[in-house]
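# Structure at a glance
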Amino acid sequence: GDSVTQTEGQVALSEEDFLTIHCNYSASGYPTLFWYVQYPGEGPQLLFRASRDKEKGSSRGFEATYDKGTTSFHLRKASVQESDSAVYYCALTLGGSNAKLTFGKGTKLSVKS
Amino acid sequence: EAAVTQSPRNKVAVTGGKVTLSCNQTNNHNNMYWYRQDTGHGLRLIHYSYGAGSTEKGDIPDGYKASRPSQENFSLILELATPSQTSVYFCASGEWGEQYFGPGTRLTVL
């Protein structure tokens, strides 16, 4: 079946560090890719999406580029802040208005000031 | 104004008891979803619905039932709760893969 594999466990950084969270996918068709973020005590919320090869999604200083060749959608931010501490989920859907999401297991980002 | 709300926010239940988790959305989305979140597993889909009167099994439906009596409401039912169902449960509504989540319900089964 379809699957998403992302950087496992936790990532610990200091403020102004560069962030990369790796995301690779396996899908039977041409998926739409997402990054969701979950702050402590809240439900996940959509960060951004990308639907086509080479499309870049971005929001709040985070960005990721859809790469069909390497089946990847890595999340990057040039300079993290303490407020970015959260759990980040990569996800995919194969489309349709009633499409389900397949999530990765999540990566917890902790940023120290 | 919160578009997806869940109740209760916290629940302690006894083994063998019946538990109902409720979800309400004001997004007017046809699709609603129930997930559980556990350390090491991320978000796992339990049941989902395409509209009022419909329910579908997700990836881990065993031990759970769902009910969608209206566009706005979607319930998750544990007929015979077990300690393995201790978790945080999230409801979501959405379309085209964009899902909007509620704040979660923390369920403890003793």
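Residues numbered from 1 in each chain as written. Chains lettered and ligands numbered in written order. Predicted model: local features only at pLDDT ≥ 70, side-chain atom pairs only at ≥ 80, totals over all residues. Heavy atoms only, no water.

On to the sheet that holds strand β8 (residues 73-78) of chain B. Residue and element names in this part refer to chain B. Here we have four strands laid out as an open sheet, ordered β1-β3-β8-β7, and antiparallel in their pairing. The sheet is open, and its two edges are formed by β1 (4-7) and β7 (65-67), each paired on a single side. Looking at each pair of strands side by side, their axes are set apart by 20° on average, direction ignored. Where β7 lies against β8, three bridges are found, and the strand directions are antiparallel. Counterpart to alanine 66 in the pairing with β8 is leucine 76. (Pairing = 2+ DSSP bridges. Helix = DSSP H or I, 4+ residues; strand = E, 2+ residues; numbered from the N terminus. Axes fitted to C-alpha atoms, helices over the stretch in contact; angles between N-to-C directions.)

All names here are of chain B. Turning to its location among the elements, alanine 13 is positioned in strand β2 (residues 10-13). Taking relative accessible area as the criterion, alanine 13 reaches 9% and is therefore assigned buried. Remark: the alpha-carbon pair of alanine 13 and serine 84, spanning 71 residues in sequence, is separated by 12 Å. (Buried < 20%, exposed > 50% of the residue type's maximum accessible area, 1.4 Å probe, protein only.)

Counting 26 residues, the largest nonpolar core has Leu19(A), Trp35(A), Leu47(A), Phe48(A), Phe73(A), Leu75(A) and Tyr88(A) as its most contacted members. Of the residues forming this core, the biggest block, four residues, is contributed by strand β10 (residues 86-93) of chain A. Residues in contact with Leu47(A), not counting those within four places in the same chain, are Trp35(A), Tyr36(A), Val37(A), Ser59(A), Arg60(A), Phe62(A), Leu75(A) and Tyr88(A). Listed in part, the 18 residues of the second largest apolar core include Ala13(B), Trp34(B), Phe74(B) and Ala81(B). (Core = buried A, V, L, I, M, F, W, Y, C linked by side-chain atoms within 4.5 Å. Contact = heavy atoms within 4.5 Å.)

Here we come to the packing of aromatic side chains. Applying the stated criterion across every chain yields a total of 16 aromatic pairs over all chains. Centre to centre, the rings of Tyr30(A) and Tyr66(A) are 5.8 Å apart; their planes meet at 55°, and the pair counts as tilted. In this pair, Tyr30(A) is assigned in the loop between β4 (23-26) and β5 (32-38) and Tyr66(A) in the loop between β8 (62-65) and β9 (75-77), connecting sequence segments 36 residues apart. When the centroid spacing of 6.0 Å and the interplanar angle of 40° are considered together, the rings of Phe34(A) and Tyr36(A) count as tilted. A relative accessible area of 0% means that Phe34(A) is categorised as buried. Tyr36(A) gets classed as buried once you look at its relative accessible area, which sits at 0%. Taken together through their ring pairs, the aromatic side chains of Phe34(A), Tyr36(A), Tyr89(A), Phe103(A), Tyr33(B), Tyr35(B), Tyr48(B), Tyr50(B) and Phe101(B) make up a single cluster. Stacked on the ring of Tyr30(A), the Lys or Arg Lys68(A) has its end atom at 5.2 Å from the ring centre. (Phe/Tyr/Trp six-rings, centres within 6.5 Å; stacked < 30°, edge-to-face > 60°. Lys NZ or Arg CZ within 6 Å of the ring centre and 35° of its normal.)

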